[in-house]
Amino acid sequence: MSLAYYYDFMSQPSRALYIILKMSGVQFEDCPVALRNGEHLTEEFKTNINRFQKVPCIIDDGFKLAESIAVLRYLSAKGKIPEYLYPKYFVEQARVDEFLEWQHITLRITCALYFRTIWLEPLLSGKRPSPEKVETLKAHMELNLDIVENVWLESTDFLCGNQMTVADIFAACEIEQTRMADYDVRIKHPKIRAWLKRVRAACNPHYDHAHQYVYKISGTAPNSKL
């Protein structure tokens, strides 16, 4: 098998790309990397797999490529990703790309920073952040969640129209991560709540498989009610 996929289900973009590969029927060598054990920090990983020492990444017939969006576009160019997930028509593709570019420094960075500060860093250091810091990070995150709720989902079932695309998968995986930091996005954002249900239904069984650790660590069932 020429394509090897390196990932960790604790990584939001790893989960997203895994779901996309499975939904696309892409055959790949399954290469999980335990970030918690520092398997990505070895010289062997840096030399032989990914010079940036991060996941997700691929090796395709000897070609090494990092960054989830770059991998997505590469596989799409090779005809591996169906058009309903990542459109070929330039107008529709541009709308999906618009979200992917927007979310990277807005939704992704604020959700990830909230998760790291509330859950990951206390786990590693034993120190809890101050209530003031928590509230500041929460406010920044909710600002972007409000944009998803009121702009991206203003009048459509999915982020880029009435059909699910990779944009929805990347965003859902990012938002799901906040479960582990005891944040329930569904309380303040009813459109996001309904949208997450639609994304999960469209992506299962791969969605639940990729989020198994999120569900377990957060102690929340995937379809738990408020």
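Residues numbered from 1 in each chain as written. Predicted model: local features only at pLDDT ≥ 70, side-chain atom pairs only at ≥ 80, totals over all residues. Heavy atoms only, no water.

## With respect to the packing of helix α6 (residues 131–152) against helix α8 (residues 190–203)
Let me state the cut-off plainly: Axis definition: a line fitted to C-alpha atoms, over the contacting stretch in the case of helices. Angles run 0 to 180 degrees between N-to-C directions. Only DSSP runs of H or I with at least four residues qualify as helices, and only runs of E with at least two residues qualify as strands; both kinds are numbered from the N terminus onward. Working definition: roughly parallel below 35 degrees, roughly antiparallel above 145 degrees, roughly perpendicular at 65 to 115 degrees, and oblique for all remaining angles. Whether two residues touch is decided by their heavy atoms; if any such pair falls within 4.5 Å, the residues are in contact. Gly is put with the polar residues, along with every residue not named as nonpolar or charged; the nonpolar set is Ala, Val, Leu, Ile, Met, Phe, Trp, Tyr, Cys and Pro, and the charged set is Asp, Glu, Lys and Arg.
At a minimum axis distance of 8 Å, the contact between α6 and α8 shows a crossing angle of 75 degrees. One way to sum up the angle between α6 and α8 is to call them roughly perpendicular. Between α6, through Leu145, Val148 and Glu149, and α8, the contact on the second element is made entirely by Pro190, Lys191 and Ile192. Here the residues of the contact of α6 with α8 are counted per class, giving four nonpolar, no polar and two charged.

## What to know about the nonpolar core
Quick note on the threshold: Throughout, nonpolar core names a set of buried Ala, Val, Leu, Ile, Met, Phe, Trp, Tyr and Cys residues whose side chains join them through atoms within 4.5 Å. Note on exposure labels: buried denotes an accessible area under 20% of the residue type's maximum, exposed denotes more than 50%, and partly exposed covers the range between, all computed with a 1.4 Å probe on protein chains only. Here the limits of each domain have been adopted from an automatic or database domain assignment.
If you look at the biggest cluster of nonpolar residues, it comprises 58 residues, and the most contacted ones within it are Leu159, Val166, Ile169, Ile192 and Trp195. For this core, the leading source of residues is helix α7 (residues 166–176), giving eight residues. Mapping this core onto the domain boundaries places at least three of its residues in each of domain 1 (3–78) and domain 2 (90–218). For tryptophan 195, the residues in contact, after removing those within four places along its chain, are Leu153, Asp157, Phe158, Leu159, Asp168, Ala171, Ala172 and Ile175. Cys31, Val33, Cys57 and Ala66 belong to the second largest nonpolar core, which has 10 residues in total.

## As for the domain arrangement of the chain
Rule in force here: Each of two parts loses accessible area, computed with a 1.4 Å probe, when they are put together; buried area is these two losses added. Salt bridges are defined by distance alone: a side-chain nitrogen of Lys or Arg within 4 Å of a carboxyl oxygen of Asp or Glu.
Structurally, the chain comprises domain 1 (3–78) and domain 2 (90–218). Put simply, the middle of domain 1 and the middle of domain 2, counted by C-alpha atoms, are 21 Å apart. Each side of the interface is counted separately: domain 1 has 15 residues, and domain 2 has 25 residues. Summed over both partners, the interface of domain 1 with domain 2 comes to about 1800 Å²; 71% of that surface belongs to carbon and sulfur atoms. Sorting the residues of domain 1 by area buried against domain 2 places Met10, Gln12 and Arg15 first, and these three jointly supply 31% of that buried surface. Taken together, the links from domain 1 to domain 2 amount to two salt bridges. Aspartate 97 is paired through a salt bridge with arginine 73; the nearest N and O atoms lie 3.0 Å apart. Going through the elements one at a time, α1 (12–24) and α3 (68–77) are the ones with two or more residues in the side of domain 1 that touches domain 2. Top element by residues in the side of domain 1 that touches domain 2 is α1. It accounts for nine residues. Across the side of domain 1 that touches domain 2, the residue classes break down as 10 nonpolar, two polar and three charged.

## A short note on the pattern of salt bridges
With the rule as written, the count across this model stands at nine salt bridges. The partner of lysine 78 in a salt bridge is aspartate 60, and the shortest N-O contact between them spans 2.6 Å. Residue lysine 78 is located in the loop between α3 and α4 (90–104), and its partner aspartate 60 is located in strand β3 (residues 57–60); the two are separated by 18 residues in the primary sequence. Lysine 78 gets classed as partly exposed once you look at its relative accessible area, which sits at 43%. Note that lysine 188 is salt-bridged to glutamate 142, the shortest N-O span being 3.1 Å. Taken together, the residues lysine 188 in the loop between α7 and α8 and glutamate 142 in helix α6 connect sequence positions 46 residues apart. Several salt bridges converge on common partners, so that one network encompasses Arg73, Asp97 and Glu101.

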